[in-house]
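Examination of the molecular architecture
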Amino acid sequence: MSDKPLYVTEPALPPLEQFEPLLREIWASRRLTNGGAFATRLETELAGYLEAPQVSVLANGTLALMLALKALEVEGEVITTPYSFVATTHALVWSGCTPVFADIDPVSLNLDPAAVEAAITPRTRAILAVHVYGRPCDTAGLQAVADRHGLRLIYDAAHAFGVQLDSGSLMAAGDAAILSFHATKVFHTFEGGAIVCRDEALKARIDLLRNFGFKGETRVLATGINAKMNELQAAFGCLTLGSIDAEIAARAAIAARYRAAFAPLTGLRLLSGLPGVARHNHGYYPVFIEAGFPLDRDTLYTRLREQGIIARRYFYPLISDFDMYRDAPGADHLPVARRMADTVLCLPLFGAMEDADVARVIDAVSAAART
Ligand code: T4K
């Protein structure tokens, strides 16, 4: 058996020759960043693809979170999920907010609206929810809580590029949604991100903030930052947006093979589809190693690594278990999130996976199940 490392993901890369003409355009224009033609074009194309009226492309998803919070003037306590990448909470702290953790729903794996409501205090100003693995939050439930208490609702949609609901685009939910276009994401621009919103004035504010707060040459209207997407990133995005549907379809086929192979295994729980989702993006393939499986999660993780299969425990540890967040409000009682973090394993899933790679993962996990 090959022991060439098989990573949890690999970035989709088009043939280099396809990128060359775009590079020539950048060279000819001599415009490398600060609102160039490709950044503007990518915003227009993403608005179409995502069915999102306002899109601001940015340097990365973390800055997108920070700018969304700043543009919406969020301060004070923000209720958020511990079951995410650490950037979600870090962005709150960088923005001067206090993270308050609430538990997740065992089916969606996203913030449970009832737990959010129970965590509200007079200091609560916003909810920062994550569509983890691209699985939509209970957007109606969270919006109802936000409306009842006059809170902002921001979605960290870093994993949710291209996810479609029966009712339309997932990006329409909340006051704003942020995307990550990091190399490990379904749609990527090496590094990159975006904020998606409905309000034109909010987009104008974000665009001001991403360029130091400049309005024209001589006026600075706000404490902005440098969060611009450069032309190399944007041109790459324009190129690969054309093949994103093929990337998602390739992932869907692999996910279907995994499901068929793993469904019969005792103690290995697969996620069920959520009602109302018209299209998933298959950004991740999490499985949960529960009682009944002959190995615990960490033993399986190690065993796969020994065979060159680099699965990842997204998201273990919980954000609330990192030293700096251990004492944050809510961190001490998150039973559902903890159970997920202790049992999850994300298996390799990316469009360019070869049949033999998929078979290798299936064989390794199936062999472990027979231990
Ligand atoms: N919110 C959420 C919910 C997020 O998940 C993230 C990022 C953010 C916000 C922040 O967005 P950004 O500011 O990053 O745009 C990775 C990514 O760095 C991070 O973007 C992502 N979430 C997180 C879930 O995963 P690591 O530390 O696990 O990445 P790394 O370098 O170990 O990469 C994983 C595997 O991917 C490697 O083993 C090999 C493969 N890989 C990776 C890179 C970077 C490649 O084959 N090529 C590559 O260029 O964090």
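First, a word on what this report is: a plain description of the structure on this page. Small disclaimer: the values here were computed from a predicted structure and weren't measured. (Residues numbered from 1 in each chain as written. Predicted model: local features only at pLDDT ≥ 70, side-chain atom pairs only at ≥ 80, totals over all residues. Heavy atoms only, no water.)

It is worth spelling out the side chain of lysine 203 at this point. For lysine 203, the position within the fold is in helix α7 (residues 200-210). Leaving out residues up to four positions away in the same chain, lysine 203 has contacts with Glu43, Gln54, Val55, Ser56, Cys197 and Arg210. (Helix = DSSP H or I, 4+ residues; strand = E, 2+ residues; numbered from the N terminus. Contact = heavy atoms within 4.5 Å.)

Our focus in this paragraph is the sheet that holds strand β5 (residues 124-130). With mixed pairing, the seven strands of this open sheet are ordered in space as β2-β10-β9-β6-β5-β3-β4. In this open sheet, the two strands that pair with only one neighbour each are β2 (54-58) and β4 (98-101). Geometrically, the sheet is characterised by an average inter-axis angle of 25° between neighbouring strands, direction not taken into account. Bridge analysis of strand β9 (residues 176-180) against strand β10 (residues 193-197) gives four bridges, and the strand direction is antiparallel. Within the sheet, the bridge partner assigned to isoleucine 178 lies in β10 and is isoleucine 195. (Pairing = 2+ DSSP bridges. Axes fitted to C-alpha atoms, helices over the stretch in contact; angles between N-to-C directions.)

Moving on to the nonpolar core. Ranked by internal contacts, the top residues of the largest apolar core, which has 52 residues, are Leu46, Ile127, Phe161 and Leu179. Here the element with the most residues in this core is helix α8 (residues 231-241); it accounts for six residues. (Core = buried A, V, L, I, M, F, W, Y, C linked by side-chain atoms within 4.5 Å. Buried < 20%, exposed > 50% of the residue type's maximum accessible area, 1.4 Å probe, protein only.)

Looking now at the packing of aromatic side chains. Scanning the entire structure with this criterion turns up 15 aromatic pairs. Note on tyrosine 83 and tyrosine 133: the rings are 6.1 Å apart at their centroids and 85° apart in plane angle, and the pair reads as edge-to-face. Note that tyrosine 83 is positioned in the loop between β3 (77-80) and α4 (87-94) and tyrosine 133 in the loop between β5 and α6 (139-149), a separation of 50 residues in sequence. Owing to a relative accessible area of 0%, tyrosine 83 belongs among the buried residues under this scheme. What makes tyrosine 133 buried here is its relative accessible area of 2%. With a centroid separation of 6.0 Å and 85° between ring planes, the pair formed by tyrosine 83 and phenylalanine 315 is classed as edge-to-face. Of this pair, tyrosine 83 sits in the loop between β3 and α4 while phenylalanine 315 sits in the loop between β16 (309-310) and α11 (335-343), placing them 232 residues apart in sequence. When its relative accessible area of 6% is taken as the criterion, phenylalanine 315 is described as buried. Each member of the aromatic cluster is reached from another via a ring pair, and the members are Tyr83, Tyr133, Tyr284, Tyr314 and Phe315. (Phe/Tyr/Trp six-rings, centres within 6.5 Å; stacked < 30°, edge-to-face > 60°.)

Time to look at the site of the ligand. As a structural note, the neighbourhood of the ligand is formed by 25 residues, with Thr62, Asp156, His159, Ser180 and Tyr314 the closest of them. At 2.6 Å from an oxygen atom of the ligand is found a side-chain nitrogen or oxygen belonging to threonine 62. Contact distances for the ligand include 2.7 Å between an oxygen atom and a side-chain N or O atom of histidine 159. For the ligand, the accessible surface in isolation is 910 Å², of which the surrounding protein chains cover 76%. (Near = heavy atom within 4 Å. Polar contact = N/O pair within 3.5 Å; in protein donor to acceptor, adjacent residues only side chain to side chain. Areas by Shrake-Rupley, 256 points an atom, 1.4 Å probe, with all protein chains shown as cover.)

Right, let's talk about the environment of arginine 31 for a bit. Among the secondary structure elements, arginine 31 is positioned in the loop between α1 (16-29) and α2 (37-49). Separated by 199 residues in the primary sequence, arginine 31 and asparagine 230 place their C-alpha atoms 9.3 Å from one another. Setting aside residues no more than four positions away along its own chain, arginine 31 makes contact with Ile26, Gly36 and Glu231.

Taken together, the side chains of Phe212, Phe214 and Val220 define a hydrophobic patch exposed on the protein surface, amounting to about 250 Å² of accessible area. Classification of phenylalanine 214 as partly exposed rests on a relative accessible area of 34%. (Patch = residues over 30% accessible without salt bridge, like charges linked within 9 Å, V, L, I, M, F, W, Y side chains within 5 Å. Salt bridge = Lys/Arg side-chain N within 4 Å of Asp/Glu carboxyl O.)

Let us look at the layout of surface pockets. One number sums up the size of the largest pocket: a volume of about 460 Å³. Lining the largest pocket we find 28 residues, and of these Phe85, Ser180, His182, Thr184 and Lys185 sit closest to its centre. Put simply, the parts of the chain that give the lining of the largest pocket at least two residues each are α3 (61-71), α4 and β9. At three residues, the largest contribution of residues to the lining of the largest pocket is made by α3. Residues of the lining of the largest pocket, tallied by class, amount to 13 nonpolar, twelve polar and three charged. When its volume is computed, the second largest pocket comes out at roughly 360 Å³. If you trace the second largest pocket, you find 18 residues lining it, with Arg135, Arg259, Leu271, His280 and His282 closest to the centre. Counting only elements with at least two residues in the lining of the second largest pocket, the list comes to α9 (244-262) and β15 (285-289). With four residues, the single largest contributor to the lining of the second largest pocket is α9. Looking at the lining of the second largest pocket residue by residue, the classes come out as twelve nonpolar, four polar and two charged. (1 Å grid on protein atoms, 1.4 Å probe; cavity = no way out; pocket = protein on both sides within 12 Å on 5 of 7 lines; lining within 4 Å. Points joined across faces, edges and corners; volume = space filled by probe spheres on them. Nonpolar A, V, L, I, M, F, W, Y, C, P; charged D, E, K, R; others polar.)

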